[in-house]
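Each chain is listed here by its residues.
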Amino acid sequence: METHIVTNISVSLVILMVLFVITTEIGIRKKAIRSLRIILFVIYLCINIFLTLFREPTADARYALRLFWSWERAFHGDRRLLAEVLLNILLYVPFGFLLCDSRHLKPHPWRIVFFGFLSSTVTEVTQLVFHVGLFEFDDIFDNTLGCLLGVLCYRCFTCIANGALRKKPPGVKGPDC
């Protein structure tokens with residue numbers, strides 16, 4: 001397994017574990033949590049850019065324009081492509097998770113997923129223009145799916161942290177998940 005793949009998995013999992021602990025808001029003020037999430041998001045973006053754009057350039061632009069070609073080959077037994085698909089999804093989970101707490105975006109889940117889609121598209125077009133990596137519609141789809149999973153993880157974690165999953169007595173109002 002290549003070093004950048006291991007790094008990608010490790011960084012994403014560590015960020016998610018840290019985010020889960022932070023989201024529970026045990027003994028930390030909300031303003032401090034938001035500041036820490038902003039710092040984590042900037043760190044995440046730097047790591048994402050490093051992993052996706054700082055590669056050895058090729059002589060020609062490389063691209064794969066057929067949607068789901070990598071999924072098809074992965075489901076037919078190509079383990080390398082299966083790992084790549086899963087890692088592309090995992091790469092954008094922190095993106096969706098961290099943007100959920102942004103006051104400036106008025107975090108509607110679909111707006112966050114749209115920003116994930118835009119970010120992935122910009123990354124892929126940059127790879128194409130500067131001949132680093134492979135431009136793929138599959139990557140854009142995978143990254144957008146990862147962003148959606150990040151949003152869903154955030155909603156689940158905040159519901160658990162806020163106790164909203166416990167059954168409420170009839171007539172009692174509280175946060176819905």
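Residues numbered from 1 in each chain as written. Predicted model: local features only at pLDDT ≥ 70, side-chain atom pairs only at ≥ 80, totals over all residues. Heavy atoms only, no water.

What follows deals with the overall build of the chain. Scanning the chain for helices and strands turns up seven helices and two strands. Moving toward the C terminus, one meets the helices and strands of the chain in the order α-α-β-α-α-α-α-β-α. Here the chain, with 177 residues, has 37% of them falling under the buried criterion. Counting only carbon and sulfur atoms, one obtains 68% of the accessible surface of the chain, whose full area is about 11,100 Å². (Helix = DSSP H or I, 4+ residues; strand = E, 2+ residues; numbered from the N terminus. Buried < 20%, exposed > 50% of the residue type's maximum accessible area, 1.4 Å probe, protein only. Areas by Shrake-Rupley, 256 points an atom, 1.4 Å probe, with all protein chains shown as cover.)

Scanning the model with the defined rule gives twelve aromatic pairs in all. For the pair tryptophan 71 and phenylalanine 75, a centre-to-centre distance of 5.9 Å together with 55 degrees between the ring planes defines the contact as tilted. Taken together, the positions of tryptophan 71 and phenylalanine 75, both in helix α3 (residues 69–75) and four residues apart, correspond to about one turn of that helix. Geometrically, the ring pair formed by tryptophan 71 and phenylalanine 141 is edge-to-face, given 5.9 Å between the ring centres and 70 degrees between the ring planes. Of this pair, tryptophan 71 sits in helix α3 while phenylalanine 141 sits in helix α7 (residues 137–161); the two residues are 70 residues apart in sequence, bridging distant segments of the chain. Judged by its relative accessible area of 34%, phenylalanine 141 is partly exposed. (Phe/Tyr/Trp six-rings, centres within 6.5 Å; stacked < 30°, edge-to-face > 60°.)

Turning to helix α6 (residues 109–130), a few remarks are in order. A rise of 1.5 Å per residue sets the reference length of α6, with its 22 residues, at 32 Å; its end C-alpha atoms lie 32 Å apart and thus fit the reference within 8%. Those residues of α6 that fall on the buried side of the exposure criterion are Ile112, Val113, Gly116, Ser120, Thr123, Glu124 and Gln127. Axial view of α6: buried residues confined to an arc of 110 degrees, hence all on one face. When the buried face of α6 is taken as reference, the exposed residues oriented beyond 90 degrees from it are Trp110, Val122, Val129 and Phe130. Residue histidine 131 follows α6 closely and has a positive phi angle near 60 degrees. (Expected span 1.5 Å × (residues − 1). Arc of directions from axis to C-beta.)

Moving on, we come to the confidence of the model for the chain. For the chain, the mean per-residue pLDDT works out to 79, and 70% of the residues sit at or above 70. Considering each helix and strand of the chain separately, the mean pLDDT is smallest for helix α1 (residues 3–23), with a value of 62, and largest for α6, with 93. (pLDDT = per-residue confidence, 0-100.)

Before going further, it helps to spend a moment on the nonpolar core. Ranked by internal contacts, the top residues of the largest apolar core, which has 16 residues, are Phe41, Tyr44, Tyr92, Phe95 and Ile112. Counting only elements with at least two residues in this core, the list comes to α2 (30–53), α5 (93–99), α6 and α7. (Core = buried A, V, L, I, M, F, W, Y, C linked by side-chain atoms within 4.5 Å.)

Take the environment of threonine 121 next. Of note, threonine 121 is situated in helix α6. Judged by its relative accessible area of 23%, threonine 121 falls in the partly exposed class.

Spanning 13 residues, helix α4 (residues 79–91) covers 18 Å between terminal C-alpha atoms, matching the ideal 18 Å at 1.5 Å per step. Residues of α4 that are buried: Leu81, Val85, Leu87, Asn88, Ile89, Leu90 and Leu91. Put simply, aspartate 78 is the residue that caps the front of α4, since its side-chain oxygen is 3.2 Å from the backbone nitrogen of arginine 80. (Polar contact = N/O pair within 3.5 Å; in protein donor to acceptor, adjacent residues only side chain to side chain.)

With that settled, the discussion passes to the environment of phenylalanine 115. As for its position among the elements, phenylalanine 115 is in helix α6. A residue is classified by how much of its surface remains accessible, and phenylalanine 115, at 31% relative accessible area, is partly exposed. Between the alpha carbons of phenylalanine 115 and glycine 96 there is a distance of 8.7 Å; along the sequence they are 19 residues apart.

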